[in-house]
Amino acid sequence: MKAMILAAGLGKRMRPLTDNTPKPLLRVAGRYLIEFHLERLAESGFKEVFINTHWLGEQLPKTLGDGERWGLNIHYHHENILLETAGGILAVLPFLSEGEQPFLVVNGDVYTELNLQAWLNDAPEINTQNLAHLALVKNPHHHLRGDFGLDTETGKLALFDEQSAAFTYSGIALFHPDFFKGLDTGPIPLAPLLKKYIQAHRVSGKLTLDYWLDVGTPERLDVLKRRLEG
């Protein structure tokens, strides 16, 4: 199985820290943010990792190299225009997936202590009937409404109304290549596709209780620094 780290964002909420540095290369506890993902992927047995770039994108391959130091083969795809999440995945889909093989996608701007190998081992089969499997987390204070409901009996995700319990999508998911079938190349957001297939009962999920943080602002970066640096 191959993995993709989404790293093409502009990092607007993190300015001025990202004026001259792409967000994945901000440092915490002596490491780049993206390093935590690379280490976890390597520990979980991944060998091939794709990273998309845009803002100051040339800095990532210059800094990270080919991935040898983590035992990985890193491939880069630079987006001249931002393709958004689904569009960015679609652009490298022929390289990410061979035939019907699922692949892992991780948002580059989250930090997690998820036991990735255990989560993967516990995941249901990803196939043409179950096109995606999402890691969910409890709603953080900055996103109290959450994203999706979860049927704990079937493991399927559901759209919800304001009275329904919901959880937040962690930015970690397995996808079947058919999730992106029939799409034209170009900027494509992920959320409408998720909602489409959730309505069709073709997306599963699991709530994870491991530490997770959306490192989207300088304030949350400071939270992570306090956790890791003491």
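Residues numbered from 1 in each chain as written. Predicted model: local features only at pLDDT ≥ 70, side-chain atom pairs only at ≥ 80, totals over all residues. Heavy atoms only, no water.

A.B. asks: When you look at the pattern of salt bridges in this model, what are you seeing that I'm missing?
C.D. replies: As a working rule, side chains carrying opposite charge can pair if their charged atoms are close by. Tallied over the full model, the rule gives six salt bridges. Measuring nitrogen to oxygen at the nearest pair gives 2.5 Å for the salt bridge that ties R31 to E39. Residues K206 and D122 are paired through a salt bridge, measuring 2.6 Å at the closest nitrogen-oxygen approach. Residue K206 is found in strand 12 (residues 203–207), and its partner D122 is found in helix 4 (residues 116–122); the two are separated by 84 residues along the sequence. (Salt bridge = Lys/Arg side-chain N within 4 Å of Asp/Glu carboxyl O. Helix = DSSP H or I, 4+ residues; strand = E, 2+ residues; numbered from the N terminus.)

A.B. asks: Sorry if this is basic, but what is going on with the pairing of strand 8 (residues 132–137) here?
C.D. replies: Within a regular strand, the side chains alternate between the two sheet faces. Burial analysis of strand 8 places six of its six residues in the buried class, the great majority of the element. As judged from the five bridges shared by strand 8 and strand 11 (residues 168–175), these two strands associate in the antiparallel manner. Each residue of the ladder has a partner; that of H133, found in strand 11, is L174. Here five bridges tie strand 8 to strand 12, and the two strands are oriented parallel to one another. Each bridged residue has a counterpart across the sheet, and for A132 the counterpart in strand 12 is V203. (Buried < 20%, exposed > 50% of the residue type's maximum accessible area, 1.4 Å probe, protein only. Pairing = 2+ DSSP bridges.)

A.B. asks: Where do I start with the packing of aromatic side chains in this structure?
C.D. replies: Two descriptors summarise a pair of aromatic rings, namely the distance from one centre to the other and the angle between the planes of the rings. Evaluation of the coordinates by the stated rule reveals eight aromatic pairs. Over the aromatic face of Y32 sits the side chain of R27, whose NZ or CZ is 4.4 Å from the ring centroid. The ring of Y211 has R227 lying over it, and the distance from NZ or CZ to the ring centre is 3.7 Å. (Phe/Tyr/Trp six-rings, centres within 6.5 Å; stacked < 30°, edge-to-face > 60°. Lys NZ or Arg CZ within 6 Å of the ring centre and 35° of its normal.)

A.B. asks: Would you mind showing me how to read helix 1 (residues 33–43) here?
C.D. replies: Residues lying three or four places apart along an α-helix face the same way, a consequence of the helix completing one turn every 3.6 residues. Turning to helix 1, its buried residues number three or more, namely L33, I34, E35, F36, H37, L38 and L41. After helix 1 finishes, the residue G45 shows a positive phi value of roughly 95°.

A.B. asks: Which parts of the structure should I look at to understand the side chain of N130?
C.D. replies: Locating N130 in the fold gives a position in the loop between helix 4 and strand 8. In terms of polar contacts, N130 uses its side chain to reach the side chain of S204, at 3.0 Å. In contact with N130, not counting residues within four places along its chain, are P124, E125, K156, R202, V203 and S204. (Polar contact = N/O pair within 3.5 Å; in protein donor to acceptor, adjacent residues only side chain to side chain. Contact = heavy atoms within 4.5 Å.)

A.B. asks: How do you make sense of the environment of L114 when you look at a structure like this?
C.D. replies: For L114, the position within the fold is in the loop between strand 7 (110–112) and helix 4. Residues L114 and W212, spaced 98 residues apart in sequence, show a C-alpha to C-alpha distance of 7.6 Å. Excluding its chain neighbours within four sequence positions, the residues that come into contact with L114 are R40, W119, I172, T208, D210 and Y211.

A.B. asks: Honestly, the environment of P140 in this entry has me stumped. Any pointers?
C.D. replies: Relative to the helices and strands, P140 resides in the loop between strand 8 and strand 9 (149–150). Between the alpha carbons of P140 and I89 there is a distance of 26 Å; along the sequence they are 51 residues apart. When sequence neighbours within four positions are dropped, the list of residues in contact with P140 reads T168 and W212.

A.B. asks: Is there a simple way to think about the sheet that holds strand 4 (residues 48–53) in this case?
C.D. replies: Pairing between the strands of a sheet comes from backbone hydrogen bonds, and it takes one of two forms, parallel or antiparallel. Ordered in space as 5-4-1-6-11-8-12, the seven strands form an open sheet in which the pairing is mixed. The open sheet is flanked by strand 5 (73–78) and strand 12, the only strands paired with a single partner. Each strand axis lies, on average, 25° off the axis of its neighbour in the sheet, ignoring direction. Contacts from helix 5 (residues 191–199) reach strand 8, strand 11 and strand 12 within the one sheet, and its direction differs from that of strand 12 by about 100°. (Axes fitted to C-alpha atoms, helices over the stretch in contact; angles between N-to-C directions.)

A.B. asks: How do you make sense of the nonpolar core when you look at a structure like this?
C.D. replies: Note on soluble globular proteins: their nonpolar side chains tend to be buried together. Core analysis: the largest hydrophobic core is formed by 30 residues, its most contacted members being L134, F175, F179, F180 and L194. Those elements giving two or more residues to this core turn out to be strand 1 (3–6), helix 3 (84–96), strand 6 (103–107), strand 8, strand 11 and helix 5. Looking at this core element by element, the count peaks at six residues for helix 3. When neighbours within four sequence positions are excluded, L194 is seen to be in contact with L134, F148, Y169, F175, F179 and V203. Residues I34, F46, V49 and L72 belong to the second largest nonpolar core, which totals 27 residues. (Core = buried A, V, L, I, M, F, W, Y, C linked by side-chain atoms within 4.5 Å.)

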